[in-house]
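Observations on the three-dimensional arrangement
Here are the chains, one letter per residue:
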Amino acid sequence: MITNPIKKVTLTCSSCNTSIRFPLPDDINAIEDLRDTFEHLECPHCRTKFHAGNVANAIADYNIAIKKINSCKNQHDIVLE
């Protein structure tokens, strides 16, 4: 099981296959703030909209969960499989 937060995301255009890579901030609130950016982002090559606002929310939720799991691992002797 992966127990590291997501640090980067790559969005790939479904029309022309152009990719845009974003480094993600460590702050969960800053990741959630990227929602509007991802939702309104256009491919720089063909101008197709990504409509990927839900990606930022999902990454923030995942990183919060990983932080909680890692906290439990540090407090208890557990193995995740």
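Now for a description of the structure that goes with this document. (Residues numbered from 1 in each chain as written. Predicted model: local features only at pLDDT ≥ 70, side-chain atom pairs only at ≥ 80, totals over all residues. Heavy atoms only, no water.)

Glancing now at the overall build of the chain. Within the chain, the regular secondary structure consists of two helices and two strands. Expected size for 81 residues packed as a compact globule is a radius of gyration near 12 Å; at 15 Å, the chain overshoots this value by more than 25%. Reported as C-alpha extents along the three principal axes, the dimensions of the chain are approximately 50 × 25 × 15 Å. Considering the chain as a whole, with its 81 residues, one finds that 26% of them fall into the buried category. Element-wise, carbon and sulfur atoms account for 50% of the exposed surface of the chain, whose accessible area totals about 5,700 Å². (Helix = DSSP H or I, 4+ residues; strand = E, 2+ residues; numbered from the N terminus. Rg over C-alpha atoms; globule rule 2.2 N^0.38 Å. Buried < 20%, exposed > 50% of the residue type's maximum accessible area, 1.4 Å probe, protein only. Areas by Shrake-Rupley, 256 points an atom, 1.4 Å probe, with all protein chains shown as cover.)

One finds Val9, Leu11, Phe22, Leu24, Phe38, Leu41 and Phe50 to be the most contacted residues of the largest nonpolar core, which totals 17 residues. A total of four residues in this core trace back to one element, the largest contributor, which is helix H1 (residues 28–40). In contact with phenylalanine 38, not counting residues within four places along its chain, are Val9, Leu11, Phe22, Phe50, His51, Ala52, Gly53, Val55 and Ala56. (Core = buried A, V, L, I, M, F, W, Y, C linked by side-chain atoms within 4.5 Å. Contact = heavy atoms within 4.5 Å.)

Any functional reading would require information beyond the geometric quantities listed.
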